[in-house]
Each structure stands twice: as C-alpha cells, then as structure tokens.
Amino acid sequence: MQLIQGTLRFGWFLFFIIFIIKRVKFQKSSNLILIISSLFALMAFFQKVSEMSDLYEAFGYLNGIRESGFSYFQNPHYTIQNYFSGKIGLQLYFYLMSLFPYNNFYSAISMFLMYFFLLKSIQVVVEYYDLEKRMLQNCIILLILIINFYNASNGVRNMLAFSVFIYGIVLDIYKEKRCVAVILYLVGVSIHPAVAVLIGLRYLYLVKNIFLKLTVGAVLLLWANGLSGLLAILQSFNSIGFISVLSGKITYYSMLGGSNENFGETFNTSGSYLMMRYFRIFWVLLILCAAFVIMKNIKEQNGIAVFSFYLGMFTLGTLPSIFATNVFSRYSVAVFMVTPILLCQYRSLDLQKIKLRIRYTKIGLLEAGLCIGVVLILYYNLTASYSAFALTTQMYS
C-alpha cells in the first residue's frame with residue numbers, strides 16, 4: 001500500500017505541474033521556469049531520505065564539513081577522497097551547502113538548479129528558432145516526464161553536473177557565448193568527471209565532412225574495444241587531478257578493474273532494471289534517427305544534432321558487458337536532457353514529411369515515437385522509482 005501511495009503522490013504532483021504549464025498564463029516564460037523549478041525544489045526539500053541512498057551519504061559529508069570546515073576534504077579516508085578528490089567544484093559546492101542549518105537545503109537547491117538550467121536551455125532554443133509558445137510548453141512537459149526526479153534528487157551530483165553542461169552547450173551554440181560556455185563546462189566537470197566525456201563529444205563538431213562524422217560515430221559505437229589503450233593514455237597524465245579521477249572511474253566501472261559491486265548479479269539482472277535499460281535503448285535509437293535526419297538535411301556543422309548523434313553513439317557503445325550497467329544509465333540521462341532541444345531543431349526545419357494519421361490528427365513519426373517512449377519511461381518511473389517516494393517534515397542535520 002505504501003508503494004502505491006508513493007506512485008500516486010508523485011503522479012498527482014506531475015499532473016499538477018502539467019496543469020500549471022498548460023492552463024496558467026505567465027507574461028514571461030522565465031516566470032514559468034522559476035515556478036516549476038521551485039516546485040521541484042520544494043518536493044526535494046521535504047523528501048524522505050532512505051539511509052541506503054547516495055543522498056543520505058551526502059548528508060553525512062555535509063555534517064562532517066560543518067564540523068571541520070574546508071579541511072574536511074583533506075581527510076585521508078578512502079570514501080571521502082573517492083567522493084571529493086580532484087573535484088574542486090564539488091568541494092566548493094558542498095562547503096557552501098554546509099553553511100545552511102539543514103541538509104534539506106542541499107537537496108532543494110540542487111534540484112532547483114538542475115531544472116532551472118534544463119528549462120532555461122529549452123527556452124533559449126525555442127526563442128532562437130522562433131517557435132510558438134505551445135512548443136515551449138510541450139518541451140517542458142516532455143522533460144519533466146522523462147527525467148527521473150527520484151533518481152536525480154537522490155544522486156544529485158551526476159545529473160546536476162550534466163544540466164550545467166547542457167546549459168553551457170546551448171549558450172555555446174545558440175548564443176555564441178563561448179567564454180561563459182567554457183566556464184560552465186569546467187564547472188560541470190569539476191562537479192562530476194563524467195562531464196569530461198560530454199566536453200570531448202562537444203568539440204567533435206570540428207569534424208566537418210558527413211562521411212567523417214559517420215566514421216567517428218562508428219568509432220564511438222565500438223569504443224569499448226580500445227578501452228584498455230585509452231586507460232593507459234589517461235593514466236600517463238594522472239598527475240592532473242580530474243584526469244586521475246576519470247581514469248579511476250574507468251577502472252571502477254569496467255571489468256579492467258576487476259569485479260566489484262557494480263557487477264553484482266542482482267544489480268545487473270533485476271527485472272525492473274532490465275526494463276528500464278530496454279526502454280532507454282529504444283529512446284537513444286529514436287534520438288539517433290532524429291539527429292541523423294537533421295544532419296542529412298542541413299549544412300550546419302555546429303548544431304545540437306551533431307552533438308546528439310555523437311552522444312547517442314557513445315551511449316550505445318557503453319552497452320557491452322565490459323561496462324557496469326550504470327554507465328549506460330548515466331549517459332542515457334544526458335540523452336534525455338538533450339531531447340527537447342533536438343526536437344526544437346527538428347521542428348524548426350519542418351522535416352515531418354511522413355506523418356501518421358491518428359483519428360483526426362496528423363502526427364510526425366518522431367513525435368509518435370516520442371509518445372511511445374514517454375509512456376514506457378513514465379511507466380518505469382512511476383512503478384519502479386516513484387513508488388519509493390515519500391514526504392516528511394523532518395529536518396536533516
């Protein structure tokens with residue numbers, strides 16, 4: 001009964017958010033973005049924290065920082081060093097969050113920032129392509145349905161860092177604010193080293209020829225075959241902090257580092273996890289098709305479609321058994337985040353030459369695929385993730 005209550009509770013919350021988006025009129029889109037981000041922050045503030053979650057572990061670090069200050073990060077304990085070493089942005093962020101009296105603020109502020117960056121990214125792209133207001137609303141709804149709030153609010157670091165990067169690449173491409181974008185890239189990678197991969201994929205736009213792009217895509221798809229060589233190259237630069245962290249993560253999340261908890265039998269074979277994995281593979285393939293169609297029909301070399309193509313191929317390249325399954329899960333989240341932006345570019349080019357007629361409405365094939373994907377992903381989120389969602393008035397400290 002408690003699991004059903006969790007699903008219904010968050011289901012009603014999503015319905016309320018969608019009602020606000022579609023029915024409440026705002027003079028400025030920025031006001032809508034602030035309201036939605038604040039509502040998700042409010043949910044995170046009062047979320048009940050499981051003692052088995054990453055968030056509970058983060059709360060423990062915040063308590064330690066309150067006691068020891070910035071010197072806490074010099075603690076030689078393995079778990080502390082593994083969490084913070086080489087991540088100056090994460091250290092600074094945790095220090096600032098420790099200044100608040102309760103750990104609930106860490107959850108709330110993190111979720112506010114994540115949704116704010118992602119929703120602002122959508123707003124920038126919609127305005128760039130001069131799309132109708134309804135497109136902004138639909139893209140925001142799409143994002144909040146496919147992004148797993150429960151996972152985001154419990155893990156925080158990875159998805160917060162990805163959202164910072166996404167906002168950076170949008171400013172880079174659509175506002176040409178190169179310096180601001182580079183700063184955001186660096187902030188993202190200083191919070192979580194997984195962003196280093198996204199930065200590398202971003203600058204592959206320098207490959208101009210479409211044939212070479214497809215060749216690079218094939219290499220990204222098969223990159224697991226050269227993982228040991230890549231690791232050897234990175235380890236030769238281990239004197240650089242974030243590269244040392246990155247090479248350590250490759251070792252930890254691949255069989256190159258031997259067996260560990262990331263390769264536990266239950267973790268890899270649970271029914272709900274496999275269901276989520278299959279649904280996300282479908283989504284990544286869908287986005288790859290959309291990106292390829294855009295790339296084939298335009299001469300633009302620096303757009304989001306090129307990055308989405310490389311990201312999708314890289315993400316599929318993490319499927320081999322040499323990787324822990326959560327590597328694919330992590331980068332498929334980045335695919336989710338970039339989806340509304342790619343959809344805006346797709347709609348701006350009027351590429352919907354083939355449409356399906358559903359009763360009295362014509363719907364593009366991409367939109368039809370997205371609708372199917374949303375249903376599958378939302379089904380997983382509601383039944384396997386949000387079922388554990390609960391609220392509390394407890395202040396964690």
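Values in this document were obtained by computation on a predicted structure and should not be read as measured data. (Residues numbered from 1 in each chain as written. Predicted model: local features only at pLDDT ≥ 70, side-chain atom pairs only at ≥ 80, totals over all residues. Heavy atoms only, no water.)

Visitor: Go over the overall build of the protein with me, naming the residues and quoting the values.
Guide: A tally of helices and strands in the protein yields 19 helices and two strands. Looking at the protein residue by residue over its 397 residues, the buried ones come to 54%. Put simply, 74% of the contacts in the protein that link residues at least 6 apart link residues at least 24 apart. For the protein, the exposed area adds up to about 18400 Å²; of that, 64% sits on carbon and sulfur atoms. (Helix = DSSP H or I, 4+ residues; strand = E, 2+ residues; numbered from the N terminus. Buried < 20%, exposed > 50% of the residue type's maximum accessible area, 1.4 Å probe, protein only. Contact = heavy atoms within 4.5 Å. Areas by Shrake-Rupley, 256 points an atom, 1.4 Å probe, with all protein chains shown as cover.)

Visitor: Can you tell me about the packing of helix H5 (residues 88-98) against helix H6 (residues 104-128), naming the residues and giving the values?
Guide: In the contact formed by H5 and H6, the axes pass within 9 Å of each other and the chain directions differ by 125 degrees. Taken together, the axes of H5 and H6 lie oblique to each other. In this structure, H5 meets H6 at a crossing whose hand is right-handed. The residues of H6 that touch H5, namely those facing Tyr93, Phe94 and Met97, are Phe105, Tyr106, Ile109, Ser110 and Leu113. (Axes fitted to C-alpha atoms, helices over the stretch in contact; angles between N-to-C directions. Parallel < 35°, antiparallel > 145°, perpendicular 65-115°, else oblique. Left-handed = near helix turned anticlockwise from the far one by under 90°.)

Visitor: Which residues make up the pattern of salt bridges, and what are the values?
Guide: Here the structure, examined in full by the defined rule, presents four salt bridges. In this structure, Arg178 and Asp172 form a salt bridge, with 2.6 Å as the shortest nitrogen-oxygen distance. Look at Arg178 and you get partly exposed, because its relative accessible area is 38%. Its relative accessible area of 2% is what places Asp172 among the buried residues. Salt-bridge contacts for Arg347 lead to Glu367; the nearest nitrogen and oxygen are separated by 3.8 Å. Of this pair, Arg347 sits in helix H18 (residues 325-348) while Glu367 sits in helix H19 (residues 365-385), and the two are 20 residues apart along the sequence. Given the relative accessible area of 30%, Arg347 is considered partly exposed. Owing to a relative accessible area of 14%, Glu367 belongs among the buried residues under this scheme. Through salt bridges with shared partners, a single ionic network connects Glu132, Arg347 and Glu367. (Salt bridge = Lys/Arg side-chain N within 4 Å of Asp/Glu carboxyl O.)

Visitor: Account for a positive patch on the surface, naming residues and giving values.
Guide: Together, Lys22, Arg23, Lys25, Lys133 and Arg134 give the surface a local cluster of positive charge. Tracing the backbone through its elements, the reader meets Lys25 in the loop between helix H1 (2-23) and helix H2 (29-45). (Patch = residues over 30% accessible without salt bridge, like charges linked within 9 Å, V, L, I, M, F, W, Y side chains within 5 Å. Lys, Arg positive; Asp, Glu negative; His and termini not counted. Charge placed at Lys NZ, Arg CZ, Asp CG, Glu CD.)

Visitor: Run through unusual backbone geometry, naming residues and quoting values.
Guide: Not every positive phi belongs to a glycine, and Asp130 is a case in point at roughly 55 degrees. As for its position among the elements, Asp130 is in the loop between H6 and helix H7 (133-146). If you check the backbone angles, Val156 has positive phi at about 60 degrees while not being a glycine. With respect to the helices, strands and loops of the structure, Val156 is situated in the loop between helix H8 (149-155) and helix H9 (157-175). The exposure class assigned to Val156 is buried, which follows from its relative accessible area of 2%.

Visitor: Run through the nonpolar core, naming residues and quoting values.
Guide: The biggest cluster of nonpolar side chains holds 133 residues, and the ones touching the most others in it are Phe94, Tyr106, Phe149 and Trp283. Per-element tally for this core: the top contributor is H18, with 14 residues. Each residue touching Trp283, except ones within four places of it in the same chain, is listed here: Leu142, Ile146, Val335, Phe336, Thr339, Leu370, Gly373, Val374 and Ile377. Within the second largest apolar cluster, five residues are counted, among which are Phe117, Val164, Leu171 and Leu184. (Core = buried A, V, L, I, M, F, W, Y, C linked by side-chain atoms within 4.5 Å.)

Visitor: Hey, could you go over the packing of H9 against helix H11 (residues 195-202) for me, with residue numbers and the actual values?
Guide: Where H9 meets H11, the closest approach of the two axes is 10 Å, and the angle between their N-to-C directions is 15 degrees. The angle between H9 and H11 places the two elements in the roughly parallel class. Both H9 and H11 take part in a crossing whose hand is right-handed. Counted together, Ala161, Phe162, Phe165, Ile169, Asp172 and Ile173 of H9 and Val195, Leu198, Ile199 and Arg202 of H11 form the full contact between these two elements.

Visitor: Provide a residue-level description of H7, including the pertinent values.
Guide: Between its first and last C-alpha, H7 extends 21 Å over 14 residues, near the 20 Å set by a 1.5 Å rise per residue. Judged by how many residues are buried, H7 sits mostly within the fold: 11 of 14 residues are covered. Along H7, the positions that sit buried rather than exposed are Met135, Leu136, Gln137, Cys139, Ile140, Ile141, Leu142, Leu143, Ile144, Leu145 and Ile146. (Expected span 1.5 Å × (residues − 1).)

Visitor: Lay out a nonpolar patch on the surface with the relevant residues and their values.
Guide: There is a patch of nonpolar side chains on the surface, built from Phe70, Ile88, Leu92, Leu96 and Leu99 and spanning about 470 Å² of accessible area. Mapped onto the elements, Phe70 comes out in the loop between helix H3 (54-68) and helix H4 (78-84). Accessibility expressed as a relative area gives 34% for Phe70, which makes it partly exposed.

Visitor: A description of the side chain of Ser98 should follow, citing residues and the corresponding values.
Guide: Its location among the elements puts Ser98 in helix H5. Judged by its relative accessible area of 8%, Ser98 falls in the buried class. Discounting residues that sit within four places of it in the chain, Ser98 has contacts with Leu62, Ile65 and Arg66.

Visitor: Please give an account of the packing of aromatic side chains that cites residues and values.
Guide: Considering all chains together, one arrives at 38 aromatic pairs under this definition. For the pair Tyr61 and Tyr83, a centre-to-centre distance of 4.5 Å together with 50 degrees between the ring planes defines the contact as tilted. With a gap of 22 residues between them, Tyr61 in helix H3 and Tyr83 in helix H4 connect regions that are remote in the sequence. Overall, Tyr61 belongs to the buried group, its relative accessible area being 5%. Residue Tyr83 is classed as buried on the basis of its relative accessible area of 5%. Relative to Phe84, the ring of Tyr61 lies with its centre 5.3 Å away and its plane at 75 degrees, an arrangement referred to as edge-to-face. (Phe/Tyr/Trp six-rings, centres within 6.5 Å; stacked < 30°, edge-to-face > 60°.)

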